[in-house]
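A closer look at the structure
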Amino acid sequence: EIESFDISNIAGALRVGSMVKFKNGMPDKKQYRLYKIKTVDYADDPAMINEVVKRRYARLKEDNLKRPELVLIDGGGAQLNAALRALSELGISDMDVISLAKKNEEIYIPGEEKPVVLDKDSSALKMLMTVRDETHRFAVGFYRKRHSKEMLETAD
């Protein structure tokens, strides 16, 4: 199982986060989650990643539910470190967490100085990209829905 996180906002407005779950290489849409960012009111993706990761795994820990085999964060080193900090604050140190930065499809791994770059034809990279892109699609869809709703409300 892979759980993946992304943030969507424009200049810090209407901040939202998403979490998608893939099981056996396929989306498990019943497990998808959306988050309205509560603790960060400016454009700071790492801080928002920290919030949603902390909220997700605090809930799993509280309910004593199974954690995923891999956590994938959309972003680079800063986003990865924010997710790791969230888990550390929860006392969770036994989860595999990586991030995938879109620009050069670089994989950031805790403890590694430089990101890993897999061959563009790598099936592992393609799987990670599929999960990351689905997480992004889900986050952007939620952002657009919130934005449309707010535009309607301000038009009244």
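One can find the structure itself at the top, above this paragraph.
Below you will find a few notes about this structure. (Residues numbered from 1 in each chain as written. Predicted model: local features only at pLDDT ≥ 70, side-chain atom pairs only at ≥ 80, totals over all residues. Heavy atoms only, no water.)

Concerning the pattern of salt bridges
Where we set the bar: Definition used for salt bridges: Asp or Glu carboxyl oxygen within 4 Å of a side-chain nitrogen of Lys or Arg. The helix and strand labels rest on DSSP assignments: H or I over at least four residues marks a helix, E over at least two residues marks a strand, and numbering proceeds from the N terminus. Remark: exposure states derive from per-residue accessible area (1.4 Å probe, protein chains only) relative to the maximum for the residue type, with buried under 20%, exposed over 50%, and partly exposed in between.
Summed over the entire model, instances satisfying the criterion amount to 13 salt bridges. Between Glu-1 and Lys-66 there is a salt bridge, with the nearest N and O atoms lying 3.6 Å from each other. Of this pair, Glu-1 sits in the segment before strand 1 (2-10) while Lys-66 sits in the loop between helix 1 (45-62) and strand 5 (70-74), and the two are 65 residues apart along the sequence. Glu-1 sits in the buried class, given a relative accessible area of 15%. Residue Lys-66 is classed as exposed on the basis of its relative accessible area, which comes to 58%.

Examining the environment of Glu-134
Cut-off, in case you're wondering: Contacts are residue-level and defined by heavy atoms, with any inter-residue pair within 4.5 Å sufficient.
Inspection of the secondary structure assignment puts Glu-134 in helix 3 (residues 123-155). Separated by 128 residues in sequence, Glu-134 and Asp-6 have C-alpha atoms that sit 9.6 Å apart. Those residues in contact with Glu-134 that lie beyond four places of it in its chain are Val-20, Phe-22, Lys-29 and Tyr-32.

Digging into the environment of Lys-126
Structurally, Lys-126 can be placed in helix 3. The class for Lys-126 is partly exposed, based on a relative accessible area of 43%. Remark: the alpha-carbon pair of Lys-126 and Glu-105, spanning 21 residues in sequence, is separated by 9.9 Å. When residues no more than four places from it in sequence are discounted, the contact partners of Lys-126 are Lys-120 and Asp-121.

Topic: the nonpolar core
Threshold: Here the nonpolar core consists of buried residues drawn from Ala, Val, Leu, Ile, Met, Phe, Trp, Tyr and Cys, with membership extended through side-chain atoms lying within 4.5 Å.
In this structure, Phe-5, Ile-49, Val-53, Tyr-57, Ile-73 and Val-97 are the most contacted members of the largest nonpolar core, which totals 23 residues. Secondary structure elements with two or more residues in this core: strand 1, helix 1, strand 5 and helix 2 (77-89). Among the elements that take part in this core, helix 1 stands out by supplying six residues, more than any other. Formed by 13 residues, the second largest nonpolar core is a distinct cluster that contains Val-20, Ile-98, Leu-125 and Phe-138.

Some remarks on the packing of aromatic side chains
Centre distance and the angle of the planes are the two values used to describe a pair of aromatic rings. The condition that has to hold: Between the rings of Phe, Tyr and Trp (Trp by its six-membered ring), a pair exists once the centres lie within 6.5 Å; its type follows the angle of the planes, with under 30 degrees stacked, over 60 edge-to-face, and the other angles tilted.
Counting across every chain of the model gives two aromatic pairs. Taking the centre distance of 5.8 Å and the plane angle of 65 degrees together, the rings of Phe-5 and Tyr-57 count as edge-to-face. On the criterion of sequence distance, the pair formed by Phe-5 in strand 1 and Tyr-57 in helix 1 is long-range, its members being 52 residues apart. There is no split in this pair, since Phe-5 and Tyr-57 are both buried. When the centroid spacing of 4.9 Å and the interplanar angle of 65 degrees are considered together, the rings of Tyr-32 and Phe-138 count as edge-to-face. Taken together, the residues Tyr-32 in the loop between strand 3 (26-27) and strand 4 (33-36) and Phe-138 in helix 3 connect sequence positions 106 residues apart. Overall, the relative accessible area of 19% leaves Phe-138 in the buried class.

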